[in-house]
Amino acid sequence: MNDRPRSGGAKRTMLIALALAATLAAGCGSSGSSTTTTSSSASTLAPIHGKYSPSVDPADFVTTVDNPYWPLKPGTGFHFKGVRGTIPQRDDEIVTNRTKTIEGVVSTVVRDTVSERSGPVERTFDYYAQDKAGNVWYMGELSLEKAHGKFAKASDSWLSGVDGAEPGIIMPADPQPGDEYRQEYYPPGEALDEAHVLSLHGKATVPYGTYGDVLVTSEYSPLEPQTEQKYYVSGLGEVKEKVVKGHHEEFKLVAVTH
């Protein structure tokens, strides 16, 4: 869950021009893998192969996150129910009015709380920012796990620019089947998630509704023996996630509050 490109001919023309310029620059410049937000492709901006060193310029970012597959309007709550292993859980994601400036980029704060019958067991504060092309970047997270009745900072907490951590892309501006991109990069804390776009025409039925033309992605970390698929509806956001390789885990959207 951790969950807008603008359409139209002019936008598509601009994206093609930017991609062409980036390709020409790569042919004339160095052969390093450092990337910048002058290219709008998620696969180029956040590559999964080679040395990872994205260059993020605060001037390339906007203050709102309105990617249609990942809309973060402050005050909105996305509420999921599901199961992890054999334990029923609820996951409540709230887009707060708070922001956090990370490496000069103003990022939206999302509070994510996982609860069981006994109450909250996990709480995460995720930081997202959108560039001018519409890509939504994952700038870091403060992950808290409950132990002995109290929440404590987890080892996979990370912040871009701190201890070798780098931002990744959580949602591309223009996702296309075959796209592969890094979502987060923090080797010391074991946060190395990658995503692969499978389809733009999937289907999903959840308590909140039934949808066609669903964006389907596959997510994987080389540090974890599992693969999960996530389902996104344009104009709404994530509606479902399911582990397809590994332990049993599945969550579905049950409500959206404002």
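Scroll up for the structure.
Residues numbered from 1 in each chain as written. Predicted model: local features only at pLDDT ≥ 70, side-chain atom pairs only at ≥ 80, totals over all residues. Heavy atoms only, no water.

On to the pattern of salt bridges, then. Across all of its chains, the model carries seven salt bridges by this definition. Its salt-bridge partner being Glu-250, residue Lys-240 comes within 3.8 Å of it at the nearest N-O pair. Remark: Glu-250 occurs in strand E18 (residues 249-257) and Lys-240 occurs in strand E17 (residues 237-245); sequence separation between them is 10 residues. Take Lys-240: its relative accessible area is 15%, and that puts it in the buried class. Connected via shared salt-bridge partners are Arg-84, Glu-122 and Glu-249. (Salt bridge = Lys/Arg side-chain N within 4 Å of Asp/Glu carboxyl O. Helix = DSSP H or I, 4+ residues; strand = E, 2+ residues; numbered from the N terminus. Buried < 20%, exposed > 50% of the residue type's maximum accessible area, 1.4 Å probe, protein only.)

Turning next to unusual backbone geometry. Even without a glycine there, the phi angle at Asp-163 is positive, about 55°. As for its placement among the helices and strands, Asp-163 is situated in the loop between strand E10 (158-159) and strand E11 (166-171). Of note in this structure, Asp-213 is not a glycine but carries a positive phi near 50°. Along the chain, Asp-213 turns up in strand E15 (residues 209-220).

As far as function goes, none of this settles anything; it's purely spatial.
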